[in-house]
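So the chains spell out like this:
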Amino acid sequence: MQNGVLFQTFEWYCPDDGSFYRTLTERVADLAGNGVSAVWLPPVYKGTGPSDVGYGVYDLYDLGEFDQNGTVRTKYGTKAELHALIDRLHEAGIQVYLDVVLNHMGGADSTERFLAVKVDPHDRTKDIEEPREIEGWTLFTFPGRAKAYSDFEWHHYHFNGVDFDKLTGEKAIFRIIGENKGWNWGVSGEHGNYDYLMYADIDHAHPDVQAELFKWADWFIHETGADGFRLDAVKHIDQAFMRQFQAKVRESHGEPFYLLGEYWQPDIESKEEYLKGTDCGIDLFDVTLHYHLHAISVNAEGFDLRTVFEHTLVKDYPQLTVTFVDNHDSQPGQSLQSWVEPWFKEAAYALILLRRDGYPCVFAGDYYGTRGDTPFEGLKEPIDRLLAIRRQYAYGDQTDYFDDPGRIGWVRHGDAEHPAKMAVILSSGDSGQITMNVGPDGAGRAHIDKLGHHPGEVVIGEDGQGEFPVEAGSVSVWMARE
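## Thoughts on the packing of helix H6 (residues 287-298) against helix H8 (residues 342-353)
And then number 1: Remark: H6 packs on H8, axes separated minimally by 10 Å, with the N-to-C direction vectors making an angle of 150 degrees. As H6 runs across H8, the sense of the crossing is right-handed. Across the interface between the two elements, Leu289, Leu293, Ile296 and Ser297 of H6 pack against Trp343, Phe344, Ala348, Leu351 and Ile352 of H8.
And then number 2: Split into classes, the residues belonging to the contact of H6 with H8 amount to eight nonpolar, one polar and no charged.

Structure representation (structure tokens):
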């Protein structure tokens, strides 16, 4: 969809009362009316308990249907409510991307004893003691589901690492020992080998695991009608497996099935390697751009705005990049906290919504607000204004005016169906102006700030140029007065 917008529907501190699906269903019409073309839902299967955000995966086949881990519903609601939500989204013309967590499992039904070795947490390639028997939470039998949809049971040999030994009560990183068993190597090289992240780490090299996950993905897509997956923690999952996974999914469900990976690493080189290692079949979030936006918001004087897109995915791989301002992991109180301060959020959203490149993602926490110890009210009205401008006017070629460390601007020149020109200018410091050219067809026309931040008007000269101003620490979108 041209000028499509992805919407992340959840934040970390959503109420755990099972009301999420019902509340979101009531918001579908508003989202569609504001130009949202796809939504990213949180993990929809059973976690370790009723308050689990979804990343402590217990049973991939339980979508809020079975009485397991203290609840029938998930944190977000029941399976019936999930189906009703997805149906409503599809009726509104909105695609649905489901969060898929394939790296680990938690909340096991019982423990098992097996041979393992403790490794250095800072270099997981180094053993720091002799192998010994431990007792880990690795047995998943799903008694509440009673083999519905799948009779597969998970045992210790389906995993390659755990973080707790019940025999001794010790918390550490243990690599499970067995035939053809070890860390997978097509992963991030952080900590020597970053295969292990948390809970019971799935061994993606095990043939039975591969077969079960391929089978589950096929069932999951048919069961939900998903249009795509947001793939969690892909830097911890073997690239060889991910190549097979994407091939299986698209073989069964077509090339348009969308895959988006979370590779949380700021350097461009590791993400380039991942794109190539997965045959450029999985788009990635632009984590580097997010960190640049955060850096501007906390130290504007120390950041040169002209470099905001340097070393970003969207600059070099625009067709494979999802841009975002914040998400559930970067919000206050979370492990990857790097919150873009509120004073800069509107300008940050202009940088992802009003430019030519990238597939922008709006975060529900920025839009509706967040809870937690440091709640945020949200910026629905300002973001809605930007979404409206994107939908109506952000088309065609783009000319950048990146000449000042504290102010940058660009012009969108429109296309045959959307001929209006648009000049955007933002400041991370003092007020000022930038001379930009919107073309001679705008000569003599008065332009106004569609965001309403600057009260004046700009009259375009015979050569198509105008002196476009911006207030301090603000953003303005200048268009011809209608």
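## A closer look at the pattern of salt bridges
And then number 1: Summed over all chains, the structure comprises 32 salt bridges.
And then number 2: Of the charged contacts in the structure, one is a salt bridge between Arg371 and Glu11, with a shortest N-O distance of 3.4 Å. With Arg371 in the loop between helix H9 (364-367) and helix H10 (380-393) and Glu11 in the loop between strand S1 (6-8) and helix H1 (20-33), the pair connects residues that are 360 residues apart, well separated along the chain.
And then number 3: In this structure Glu11 comes out as buried when scored by relative accessible area, which is 1%.
And then number 4: In this structure, Arg113 and Glu133 form a salt bridge, with 3.8 Å as the shortest nitrogen-oxygen distance. With Arg113 in strand S7 (residues 110-120) and Glu133 in strand S9 (residues 132-139), this pair connects stretches of sequence that are 20 residues apart.

## Quick notes on the environment of Val100
And then number 1: Mapped onto the fold, Val100 is located in strand S5 (residues 95-100).
And then number 2: The buried category is assigned to Val100, whose relative accessible area is 1%.
And then number 3: Put simply, Val100 and Leu41 are 59 residues apart on the chain and 9.8 Å apart in space, counted from C-alpha to C-alpha.
And then number 4: Contact partners of Val100, with chain neighbours within four places excluded, come to Tyr45, Trp216, Phe220, Phe229, Arg230, Leu231 and Asp232.

## Remarks on the pairing of strand S8 (residues 123-127)
And then number 1: By the bridge criterion, two bridges tie S7 to S8 in an arrangement that is antiparallel. The residue bridging Asp120 from the neighbouring strand is Asp123, located in S8.
And then number 2: With antiparallel pairing between neighbouring strands as the criterion, S7 and S8 make up a hairpin whose turn holds two residues.

## Points about unusual backbone geometry
And then number 1: Its identity is not glycine, yet Ala146 carries a phi of approximately 50 degrees, on the positive side.
And then number 2: Mapping Ala146 onto the fold places it in the loop between S9 and strand S10 (159-165).
And then number 3: We classify Ala146 as exposed; its relative accessible area is 59%.
And then number 4: You will see that Asn180, though not glycine, has its phi angle at about 55 degrees, which is positive.
And then number 5: Within the secondary structure, Asn180 sits in the loop between strand S11 (170-176) and strand S12 (200-202).
And then number 6: With a relative accessible area of 73%, Asn180 lands in the exposed category.

## Focus on the side chain of His454
And then number 1: With respect to the helices, strands and loops of the structure, His454 is situated in the loop between strand S22 (446-449) and strand S23 (457-459).
And then number 2: Reaching out from His454, the side chain makes a polar contact with the side chain of Glu471 at a distance of 3.5 Å.
And then number 3: Those residues within four positions of His454 in sequence are excluded, and the remaining contacts are Asp449, Pro469, Val470, Glu471, Ser476 and Trp478.

## Topic: the sheet that holds strand S19 (residues 407-412)
Paired through their backbone hydrogen bonds, the strands of a sheet run either parallel or antiparallel.
And then number 1: The six strands are arranged S18-S19-S20-S25-S22-S23 in an open sheet whose pairing can be described as antiparallel. Each edge of the open sheet carries a strand with a single partner, namely strand S18 (398-404) and S23. Each adjacent strand pair in this sheet contributes to an overall mean axis angle of 20 degrees, direction not counted.
And then number 2: Taken together, the three bridges between S22 and strand S25 (residues 475-480) define a ladder with antiparallel strand orientation. Bridge pairing in S25 places Asp449 opposite Trp478.
And then number 3: Its contacts with the sheet put H8 on S19, strand S20 (422-427) and S25, and the angle it makes with S20 is roughly 145 degrees.

## Considerations on the environment of Asp87
And then number 1: Relative to the assigned elements, Asp87 resides in helix H2 (residues 79-91).
And then number 2: Asp87 gets classed as partly exposed once you look at its relative accessible area, which sits at 44%.
And then number 3: Remark: the alpha-carbon pair of Asp87 and Thr25, spanning 62 residues in sequence, is separated by 9.4 Å.

## Some remarks on H8
And then number 1: Its 12 residues place the ends of H8 17 Å apart at the C-alpha level, agreeing with the 16 Å of an ideal helix rising 1.5 Å per residue.
And then number 2: H8 sits mainly inside the fold: 10 of its 12 residues count as buried.
And then number 3: All of the buried residues along H8 are Phe344, Lys345, Glu346, Ala347, Ala348, Tyr349, Ala350, Leu351, Ile352 and Leu353.

## Quick notes on the side chain of Asp238
And then number 1: Structurally, Asp238 is set in the loop between strand S13 (228-231) and helix H4 (239-253).
And then number 2: Despite its burial, Asp238 pairs with no opposite charge, the nearest such side chain being Arg243 at 6.6 Å.
And then number 3: In this structure, Asp238 is in contact with Asn184, Trp185, Gly186 and Val187, ignoring residues within four places of it in sequence.

## Regarding the packing of H1 against H2
And then number 1: Where H1 contacts H2, the axes come no closer than 9 Å and their chain directions differ by 10 degrees. The pairing of H1 with H2 is recorded here as roughly parallel in orientation. Every residue of H2 that contacts H1 at Tyr21, Arg22, Leu24, Thr25, Val28 and Ala29 is listed here: Glu81, Leu82, Leu85, Arg88 and Leu89.
And then number 2: Broken down by class, the residue content of the contact of H1 with H2 amounts to seven nonpolar, one polar and three charged.

## Some points on the state of the cysteines
And then number 1: Following the criterion strictly, the structure yields zero disulfides and no others.
And then number 2: Considering cysteine sulfurs only, Cys361 is the nearest to Cys14, which forms no disulfide, with 14 Å between them.
And then number 3: Residue Cys14 is classed as buried on the basis of its relative accessible area of 9%.

What counts and what doesn't
Residues numbered from 1 in each chain as written. Predicted model: local features only at pLDDT ≥ 70, side-chain atom pairs only at ≥ 80, totals over all residues. Heavy atoms only, no water. Axes fitted to C-alpha atoms, helices over the stretch in contact; angles between N-to-C directions. Helix = DSSP H or I, 4+ residues; strand = E, 2+ residues; numbered from the N terminus. Left-handed = near helix turned anticlockwise from the far one by under 90°. Contact = heavy atoms within 4.5 Å. Nonpolar A, V, L, I, M, F, W, Y, C, P; charged D, E, K, R; others polar. Salt bridge = Lys/Arg side-chain N within 4 Å of Asp/Glu carboxyl O. Buried < 20%, exposed > 50% of the residue type's maximum accessible area, 1.4 Å probe, protein only. Pairing = 2+ DSSP bridges. Polar contact = N/O pair within 3.5 Å; in protein donor to acceptor, adjacent residues only side chain to side chain. Expected span 1.5 Å × (residues − 1). Lys, Arg positive; Asp, Glu negative; His and termini not counted. Parallel < 35°, antiparallel > 145°, perpendicular 65-115°, else oblique. Disulfide = S-S within 2.5 Å.

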